[in-house]
Amino acid sequence: MADSSFSLPPEAYCSLCVDALRDPVTIPCGDTYCLECIKIYWDQFDHTGVYSCPQCHATFTPRPVLRRNLPDVNHEPQRQLPELTPFPHMNRESFCDFCVGRRSKAVKSCLMCLAYYCETHIKPHYESSTFKRHKLVDETGHLDRKICPQHEKGLELFCRSDQMCICVLCTVREHRSHNITSAEEERIEKQKVLVVTQSDVQHIIQERMKELQELKHNVDVLKVVERWKAEINQMIMANMQSAMSQAEGYVEHLEQEILELQRRDAELRQILESEDNIHFLQNFPTLCVPPEPMVPKVLINPQFSFGEMSKTATEIKEHLDDICKKELSKISKTVSETPVYILLPRNGDKRLKVPSRGTDVPEPKTRTDFLRYCCKMSIDPNTVYKELVLSDGNQRVTRKKTIQFYPDHPERFDGFSQALCKEALTGFRFYWEAEWSGEFSIGVAYKSISRKGKNSHSLLGYNEKSWSLLCSDSGYSAWHNKVDRDLPDAPRATRIGVYLDFAGNTVAFYSVSEDMELIHRFKAQFSEPLYAGFGVGSSVTLCQLKPL
């Protein structure tokens with residue numbers, strides 16, 4: 001047992017060994033135990049495959065993975081998740097219908113009597129044979145929801161044909177010849193589904209807790225690195241201040257010594273110029289002694305020399321152009337494309353494969369290379385022009401000559417036949433394809449692009465907030481900030497691929513084939529997340545691509 005002379009908070013003890021926590025682990029329900037204690041406790045349930053918490057009795061399937069709680073290196077208070085109340089709207093206090101005066105809280109409700117009962121008034125239902133066929137349920141409120149609104153009878157049956165609870169009278173007319181079963185039997189069947197769902201939820205909770213612990217550990221490591229950096233900077237500053245203070249002291253002493261030497265020089269000049277021989281001889285013993293140095297000679301440490309630095313700087317200067325073109329571009333690219341954290345979508349899409357630090361990411365060339373960066377997109381209904389119609393799960397947009405009755409929205413284009421996709425593109429590499437008919441434009445834009453009016457501020461490619469490729473039967477042209485470039489030699493295609501390298505500040509358009517022929521590439525400095533956009537003449541379809 002722990003020494004009683006020490007007072008520890010209750011959460012510092014393990015309820016299994018009733019001692020201070022050793023190698024504490026927190027299980028999915030939130031309770032904490034010694035690693036060895038909970039391991040031994042769960043070993044005895046291996047034959048059942050169901051594991052529970054010794055305190056709150058929450059069950060887990062499969063057996064949770066046990067990991068030691070990570071220490072908080074900065075002693076910061078742990079953030080507590082708020083307590084969750086399942087279905088708070090389903091739980092409300094109800095009071096006994098038979099109490100006189102101050103009504104007691106109901107503990108049961110009867111589906112035959114359609115009334116609430118407290119602990120006192122429910123006793124006849126247990127003691128008298130008159131009530132033996134009555135159906136009692138735990139009181140959770142909303143008794144009216146357990147009564148058929150049409151026949152005012154208790155809901156005891158379940159219609160599988162209509163998937164709803166019904167009463168006995170409902171089987172006569174409304175649900176005649178339907179597949180009817182008792183509520184109890186249906187609950188048994190549906191409970192099996194919920195058990196599987198609960199198992200899935202518990203598995204996801206374990207995965208998320210593992211991710212949370214790893215993320216917290218990474219945050220702690222970063223904090224330690226930041227603290228080391230601060231300490232090193234502080235050490236350097238302290239050394240600099242000490243050296244400056246010491247140098248200033250030497251300067252002051254040297255100035256005093258120079259003043260003293262100048263005074264001695266004046267005395268020597270005076271005695272040398274004197275015509276009084278006796279005065280000269282009497283002062284000679286004092287003035288002939290060389291002065292003692294007041295300050296030691298101060299030299300710069302030869303090991304602290306700029307000679308090597310100057311030599312290196314000269315060599316760098318000779319090769320500066322070559323370094324800027326090759327080495328610095330590699331360093332810049334590596335830094336910009338190597339994030340500290342990688343955000344992966346939960347659905348398992350391999351949106352980006354980030355190389356290890358120090359390696360160069362080759363530009364994709366074949367369509368297989370581009371598909372490594374493909375991303376799933378959908379057109380945002382809140383942005384589509386009033387003459388555009390969405391279909392195929394917001395993957396296809398077609399222009400009609402009739403006005404569509406869309407609700408007003410600040411993000412809707414009201415001057416041009418345009419639309420943007422929902423997904424924000426930032427940080428990494430992305431690739432998507434679109435098929436088109438009729439004249440159309442395809443490109444990317446900031447979310448801050450104007451949506452209102454027929455002016456250049458809201459037209460793709462005609463402002464500094466968008467880049468687009470205009471496609472028609474007569475040819476292609478590239479547009480940005482009202483500047484266009486005709487592309488007479490560009491390969492023609494009804495399917496256009498768009499490759500965005502956000503970190504590399506480029507967006508390129510390709511004629512889709514096995515070798516992916518480049519139509520045009522924009523070089524820019526992206527300062528906001530980008531959104532895929534289209535100008536629709538006839539129809540545009542986002543192609544379904546699968547990541548490799």
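Placed above this text is the structure.
Residues numbered from 1 in each chain as written. Predicted model: local features only at pLDDT ≥ 70, side-chain atom pairs only at ≥ 80, totals over all residues. Heavy atoms only, no water.

### A few points about the pairing of strand 13 (residues 388-391)
When a strand is regular, its side chains alternate between the sheet's two faces. Cut-off, in case you're wondering: Exposure is judged per residue with a 1.4 Å probe applied to protein chains only, and the accessible area is read against the type maximum: over 50% gives exposed, under 20% gives buried, and values in between give partly exposed. Only runs of H or I of at least four residues qualify as helices and only runs of E of at least two qualify as strands under DSSP, and these elements are numbered from the N terminus. The pairing criterion is simple: DSSP has to find at least two bridges between the two strands.
Residues Leu388 and Leu390 line the buried face of strand 13, whereas the alternating positions Val389 and Ser391 sit on a face that is not buried. Taken together, the four bridges between strand 13 and strand 14 (residues 396-399) define a ladder with antiparallel strand orientation. Each residue of the ladder has a partner; that of valine 389, found in strand 14, is threonine 398. The hairpin turn running from strand 13 into strand 14, its antiparallel successor, is four residues long, and aspartate 392 in that turn takes a positive phi close to 55°.

### Side note on the side chain of serine 52
Cut-off, in case you're wondering: Between two residues, a contact is recorded if the distance between any of their heavy atoms is within 4.5 Å.
Tracing the chain through its elements places serine 52 in strand 5 (residues 51-52). Using a relative accessible area of 16% as the deciding quantity, one classes serine 52 as buried. Those residues in contact with serine 52 that sit more than four places away from it in its chain are Tyr41, Trp42, His57, Ala58, Thr59 and Phe60.

### What to know about a nonpolar patch on the surface
We count it as follows: Patch definition: residues with relative accessible area over 30% and no salt bridge; like charges joined within 9 Å; nonpolar side chains (Val, Leu, Ile, Met, Phe, Trp, Tyr) joined within 5 Å. Throughout, the Shrake-Rupley method with a 1.4 Å probe supplies accessible areas, and for residues the shown protein chains are the sole cover considered. In the sections that follow, a salt bridge refers to a side-chain nitrogen of Lys or Arg positioned within 4 Å of a carboxyl oxygen of Asp or Glu.
Among the surface-exposed residues, Val221, Val225, Trp228, Ile232, Ile236, Met237 and Met240 lie close enough to one another that they form a single nonpolar patch of about 660 Å² accessible area. Topologically, tryptophan 228 is positioned in helix 3 (residues 183-273).

### Examining the sheet that holds strand 8 (residues 115-117)
Applied cut-off: Orientation is described by axes fitted as lines to C-alpha atoms, over the contacting stretch for helices, and by angles from 0 to 180 degrees between their N-to-C directions.
On the basis of which strands lie adjacent, the open sheet formed by three strands has the order 8-7-9 and antiparallel pairing. Of all strands in the sheet, those bounded by a partner on one side alone are strand 8 and strand 9 (136-138). Between one strand axis and the next, the sheet turns through 35° on average, direction left out of account. Sheet analysis places strand 7 (residues 108-110) next to strand 8, joined by three bridges and oriented antiparallel. Note on strand 8: the bridge partner recorded for serine 109 is tyrosine 116.

### Observations regarding the packing of helix 3 against helix 4 (residues 277-287)
Applicable threshold: Any angle that is under 35 degrees is reported as roughly parallel, and any over 145 degrees as roughly antiparallel; angles of 65 to 115 degrees are reported as roughly perpendicular and all others as oblique. Two helices crossing with the near one rotated counterclockwise from the far one by less than a right angle form a left-handed crossing, whereas a clockwise rotation gives a right-handed crossing. Classes in brief: Ala, Val, Leu, Ile, Met, Phe, Trp, Tyr, Cys and Pro nonpolar; Asp, Glu, Lys and Arg charged; the others, Gly included, polar.
Contact pair helix 3 / helix 4: the axes reach a minimum separation of 10 Å and the direction vectors enclose 150°. Of the possible angle classes, the one that applies to helix 3 and helix 4 is roughly antiparallel. The handedness of the crossing between helix 3 and helix 4 comes out as left-handed. Along the contact surface, helix 3 presents Arg264, Glu267, Leu268, Ile271 and Leu272, while helix 4 presents His279, Phe280, Asn283, Thr286 and Leu287. Tallied by class, the residues present in the contact of helix 3 with helix 4 amount to five nonpolar, three polar and two charged.

### A word on the sheet that holds strand 12 (residues 180-182)
With antiparallel pairing, the three strands of this open sheet are ordered in space as 11-10-12. In the strand order of this sheet, the two ends are held by strand 11 (164-166) and strand 12, each with one partner. Within this sheet the neighbouring strands show an average axis-to-axis angle of 40°, counted without direction. In terms of strand pairing, strand 10 (residues 157-159) meets strand 12 through three bridges, oriented antiparallel. Note that in strand 12 the partner of leucine 157 across the bridge is serine 182. The strands that helix 3 touches are strand 10 and strand 12; relative to strand 12, the one it contacts most, it runs at about 90°.

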